[in-house]
Amino acid sequence: MERVGGLSGAGTAFQELMAEKKKFQAIKGTRDLLPPETELWNRVEQMAREVFGTFGFGEIRPPIFEPTELFARSIGMDTDVVGKEMYTFTDRLRELDWPKWTFSDFKRWIHLVDTFVQEGKIPRFRNEDILDQMRATVASFDRDLNGAPETDDLRELRDLMEQLILGDSLTLRPEATASVCRAYIEHGMHAWPQPVKLYYMGPMFRRERPQKGRYRQFYQIGAEVLETLQPGQGGAKDVPKDATVDAEVIEMVMTFFARLGLEGVQLEINSIGHAAENCRRGYVQKLKVALEKVKEQLGPDSQRRIETNPLRVLDSKLEREQAIIAGLPKIADHLCDDCKQQYAEVKRQLGLRGVKYQENWRLVRGLDYYMRTTFEITARGLGSQNAVCGGGRYDGLVELLGGLPTKGIGFAIGEDRLILSLQHQQPSREVGPRADVMVTSSGEQTWQEAVRVASSLRQQGLVVYMPNPGTRLNKALESANRQKIRIAIIVGESEMAAGKYVVRILRPFEEEGPRDQQIPTNRLLLYGRLAKLRNDLERKVRGLLGENPQSFKGEGLGMILQRLEADKVLPNFFLRTTLKEELRDLVQILNRALHGSYLTEGSEEWALVVGNLVLAELDRTKTPGSEDAGALQ
Ligand code: AMP
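## Some details on the overall build of the protein
No. 1: Scanning the protein from N- to C-terminus turns up 23 helices and 16 strands.
No. 2: A compact globule built from 633 residues should have a C-alpha radius of gyration of about 26 Å, whereas the protein, at 32 Å, is more than 25% larger.
No. 3: Expressed as lengths along the three principal axes of its C-alpha atoms, the size of the protein is roughly 90 × 75 × 50 Å.
No. 4: Residues classed as buried in the protein amount to 50% of the 633 residues present.
No. 5: Considering only residue pairs separated by 6 or more positions, the protein has 71% of its internal contacts joining residues 24 or more positions apart.
No. 6: Counting 88 positive and 90 negative side-chain charges, the protein places the centres of these two groups 4 Å from one another.

Written out as structure tokens, the structure is:
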């Protein structure tokens, strides 16, 4: 974070820094996400929007930094996140530019800062003392008041200046639940139709020790359901409704993972009761007593937690503590009647939604406002950092942040880990999108028309490759061939005069016709849409077969579809005989049309409509090997 940037001009250090040839690198724990991997990120985010949308969630995009106190209050002062991991910096009031490097300006500046302290714009605490010291220092240098002093003389002042708190304490968000609750209160969402269902996605920041699946800038996709209590609401009669919300939120995450084809997903659930004597508080006391008895056998972290947060001892991953923890009292035996009933109802609701789960009594959250349902989801291929999602109910949080009594439940998915797990099950060999067509001109005169053709095809969603202007035609065709582009559209002068474009098929579509043809200019867009549909279909079915979707093999789409069918990857929808025949017709029509064969009237339009329906249906189909993904088969 910038501290006293304006001062750097004073010495030679700044010039030296600029002169030095510096190799910039991404900061430890952060990374650049690059293509083609970003395609997967986009697919994951798109799927989240789609699935969460079907559950009635809307997107919220809160800011990336917030007042430090928001996180301190909601996450808790004695957590690692707040205690050690936050990126916190002091903002500087806009009006407080740095002083010029003269005593007189320092004097003016100290006065200005003092005014802001008096006006309450910056804190009095600490600042007043420092300002006094600065004034004393300036006074001792009064002999040289208007001169341009030596840098050394000012070092003392600068040191003091760096200690001033010149604005609010801000923090890069380590998570987003606090922001969502802050926004809920700020925008009066209690007056919106209840419950309010929001999802978010974006970067979070924690100063953790980087390792595989653990970064300092990482990404979360999360959702929250918030509901302000209406008069007469709350208490035991709400139990079934709350349990339904919990189960539906969990079902939503599991549906999302299943739709992505994520393998080896395991859901663990628990109930941690609520903060009352006859429930969690009573349990924690018993737990503390039991922990005191085994204290000597525990490591230093757990020993400390007996005092600060005994529940967190249950979180311990230390091998030698496992047997001891297994013998500790379990919360399930100490839940009050309402919490017990709620937990039973959540399990019943998960069951009727077909969501498989395991109970894990050690799944806890260390803060008072967390209550009842907690859950965690793990996935394969992640080593020790295998949690891809954590969530739970937090009915007291909005009130803690100054809002009305409001129920809440939510989760956060670690997107980096989700992507790692997806890559682990299907390593990507893609090298960026393959162009659908190449567009070029046979000479300079027609280049402008070629640019127009490319532009209108791009508007139809085609990926278009254009060689540099002036590239000789055979060089351009060679380049297209190397890029495995199947179709070249060439704008030639004489053909254009006759209202046509030249089309060359560089790699045939199942030998369904001639490789050179001329298409009327007014057929260009239809032709382009057919070409795109044909490519999209092939990419999608190759992907479903576990092949590199961008790969180009001799095998035609008809054959690939047959293999899909034989491998039983196609959903039942496609296997009904009539549809199978229609699929075959579709492929044939596309292949012939692209080779320029004459087709009966309307058949191309039919192909476009049916083909796009098929594509949409294939998009809903899971990738191979996802049979055990989630529990929603
Ligand atoms: P939490 O907000 O701590 O409950 O974390 C929710 C999820 O975010 C975890 O299950 C992880 O998948 C992910 N996550 C948390 N911290 C990190 C990190 N430093 N790097 C990558 N993913 C993280």
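## Overview of the confidence of the model for the protein
No. 1: On average, the protein scores 87 in pLDDT, and the residues at 70 or more come to 91%.
No. 2: Overall, residues 1-11 carries pLDDT values under 50, and its contacts beyond four positions in sequence, including any with other chains, amount to 15 contacts.
No. 3: Here residues 624-633 is a poorly scored stretch, pLDDT under 50, and it has 29 contacts once near neighbours within four places are set aside; other chains count.

## Notes on the sheet that holds strand S11 (residues 406-414)
No. 1: Here we have eight strands laid out as an open sheet, ordered S1-S5-S6-S11-S10-S9-S7-S8, and mixed in their pairing. Sheet topology places strand S1 (58-59) and strand S8 (358-359) at the edges, where each strand pairs with a single neighbour.
No. 2: Bridging between S1 and strand S5 (residues 196-205) involves two bridges; their strand directions are parallel. By the bridge assignment, glycine 58 is partnered in S5 with leucine 198.
No. 3: On top of the sheet, helix H15 (residues 415-425) reaches strand S6 (217-228), strand S10 (387-393) and S11; it is set at about 45 degrees to S11, its chief contact.

## Considering empty space enclosed by the protein
No. 1: Inspection of every chain in the model, using the stated rule, returns one cavity of 30 Å³ or more.
No. 2: The computed volume of the largest cavity comes to approximately 60 Å³.
No. 3: Every residue lining the largest cavity is listed: Pro195, Val225, Leu226, Glu227, Lys241, Asp242, Val245, Arg393, Lys407, Gly408 and Ile409.
No. 4: Elements with a contribution of two residues or more to the lining of the largest cavity: S6, helix H9 (239-260) and S11.

## With respect to helix H20 (residues 557-566)
No. 1: Of the residues making up H20, those classed as buried are Leu557, Ile560, Leu561 and Leu564. One side of H20 carries all its buried residues, which in axial view fall inside an arc of 100 degrees.
No. 2: Taken together, the buried residues of H20 touch helix H19 (524-544) and helix H22 (577-594).
No. 3: Directly after H20, the chain includes lysine 568, whose backbone phi takes a positive value near 55 degrees.

## Considerations on the site of the ligand
No. 1: Looking at the ligand, there are 14 residues lining it, with Arg206, Glu208, Tyr215, Gln220 and Ala387 nearest.
No. 2: In the model, an oxygen atom of the ligand is placed 2.9 Å from a nitrogen or oxygen of the arginine 206 side chain.
No. 3: Note that an oxygen atom of the ligand is positioned 3.4 Å from one of the backbone N or O atoms of glycine 414.
No. 4: Considered on its own, the ligand offers 490 Å² of accessible surface; in the complex 85% of this is hidden by protein.
No. 5: Sorting the residues of the shell around the ligand by element identifies S6, S10 and S11 as the ones contributing at least two each.
No. 6: In terms of residue class, the shell around the ligand is made up of six nonpolar, three polar and five charged.

## Let's talk about the packing of H20 against H22
No. 1: Put simply, H20 and H22 touch, their axes get as near as 9 Å, and they point 155 degrees apart. In terms of axis orientation, H20 runs roughly antiparallel to H22. Helix-helix and strand crossings are classified by hand; for H20 and H22 the assignment is right-handed. Taking contact as the criterion, the partners of Leu557, Gly558, Leu561 and Glu565 in H20 are, on H22, Lys580, Leu583 and Val587.
No. 2: For the contact of H20 with H22, a count of residues per class yields four nonpolar, one polar and two charged.

## Overview of the sheet that holds strand S2 (residues 65-67)
No. 1: Strand order in the open sheet made by the three strands is S2-S4-S3, with antiparallel pairing throughout. Each edge of the sheet is formed by a strand with only one pairing partner; in this case those strands are S2 and strand S3 (87-90). Taken pair by pair, the neighbouring strands of this sheet meet at an average axis angle of 35 degrees, ignoring direction.
No. 2: In this structure, S2 lies alongside strand S4 (residues 169-172), joined through three bridges in antiparallel fashion. Following the sheet pairing, glutamate 66 is matched in S4 by threonine 171.
No. 3: Against the sheet, helix H3 (residues 68-75) engages S2, S3 and S4, with an angle of about 80 degrees to S2.

## With respect to the nonpolar core
No. 1: Counting 99 residues, the largest nonpolar core has Phe52, Phe256, Phe257 and Phe411 as its most contacted members.
No. 2: Trp447, Leu457, Ala593 and Leu608 belong to the second-largest nonpolar core, a separate cluster that totals 48 residues.

## Some details on unusual backbone geometry
For residues other than glycine, phi is negative in most cases, and the peptide bonds are mostly trans.
No. 1: With an omega of 5 degrees, the peptide bond running from proline 35 to proline 36 counts as cis.
No. 2: For the peptide bond that leads from glutamine 194 to proline 195, omega is -10 degrees, which places it in the cis range.
No. 3: Structurally, proline 195 can be placed in the loop between helix H8 (177-186) and S5.
No. 4: Phi angles above zero are rare outside glycine, and arginine 372 is one such case at about 55 degrees.
No. 5: Its place among the elements puts arginine 372 in strand S9 (residues 371-378).

## With respect to the packing of aromatic side chains
No. 1: Within the structure shown, the criterion is met by eight aromatic pairs.
No. 2: Ring centres 5.7 Å apart and planes at 35 degrees place the aromatic pair phenylalanine 256 and phenylalanine 257 in the tilted group. One exposure class covers both phenylalanine 256 and phenylalanine 257, and it is buried.
No. 3: Ring geometry for tyrosine 370 against tyrosine 394: centres 6.5 Å apart, planes inclined by 85 degrees, an arrangement best described as edge-to-face. On the criterion of sequence distance, the pair formed by tyrosine 370 in the loop between S8 and S9 and tyrosine 394 in the loop between S10 and helix H14 (397-400) is long-range, its members being 24 residues apart.
No. 4: The class of tyrosine 394 is buried, set by a relative accessible area of 2%.
No. 5: Of the aromatic side chains, those joined through ring pairs into one cluster are Phe52, Tyr199, Phe256, Phe257 and Phe411.
No. 6: If you follow arginine 207 out to its NZ or CZ, it ends over the ring of tyrosine 87, 4.4 Å from the centre.
No. 7: Across from the ring centre of tryptophan 361, 4.6 Å away, lies the NZ or CZ of lysine 330, which sits over that ring.

## Some thoughts on the pattern of salt bridges
No. 1: Within the structure shown, the criterion is met by 37 salt bridges.
No. 2: Between glutamate 263 and arginine 380 there is a salt bridge, with the nearest N and O atoms lying 3.3 Å from each other. A residue pair is termed long-range when its members are at least 10 positions apart, and glutamate 263 in the loop between H9 and strand S7 (266-271) and arginine 380 in the loop between S9 and S10 qualify at 117 residues.
No. 3: Judged by relative accessible area, which is 14%, glutamate 263 ranks as buried.

Scoring rules and cut-offs
Residues numbered from 1 in each chain as written. Predicted model: local features only at pLDDT ≥ 70, side-chain atom pairs only at ≥ 80, totals over all residues. Heavy atoms only, no water. Helix = DSSP H or I, 4+ residues; strand = E, 2+ residues; numbered from the N terminus. Rg over C-alpha atoms; globule rule 2.2 N^0.38 Å. Buried < 20%, exposed > 50% of the residue type's maximum accessible area, 1.4 Å probe, protein only. Contact = heavy atoms within 4.5 Å. Lys, Arg positive; Asp, Glu negative; His and termini not counted. Charge placed at Lys NZ, Arg CZ, Asp CG, Glu CD. pLDDT = per-residue confidence, 0-100. Pairing = 2+ DSSP bridges. Axes fitted to C-alpha atoms, helices over the stretch in contact; angles between N-to-C directions. 1 Å grid on protein atoms, 1.4 Å probe; cavity = no way out; pocket = protein on both sides within 12 Å on 5 of 7 lines; lining within 4 Å. Points joined across faces, edges and corners; volume = space filled by probe spheres on them. Arc of directions from axis to C-beta. Near = heavy atom within 4 Å. Polar contact = N/O pair within 3.5 Å; in protein donor to acceptor, adjacent residues only side chain to side chain. Areas by Shrake-Rupley, 256 points an atom, 1.4 Å probe, with all protein chains shown as cover. Nonpolar A, V, L, I, M, F, W, Y, C, P; charged D, E, K, R; others polar. Parallel < 35°, antiparallel > 145°, perpendicular 65-115°, else oblique. Left-handed = near helix turned anticlockwise from the far one by under 90°. Core = buried A, V, L, I, M, F, W, Y, C linked by side-chain atoms within 4.5 Å. Phe/Tyr/Trp six-rings, centres within 6.5 Å; stacked < 30°, edge-to-face > 60°. Lys NZ or Arg CZ within 6 Å of the ring centre and 35° of its normal. Salt bridge = Lys/Arg side-chain N within 4 Å of Asp/Glu carboxyl O.

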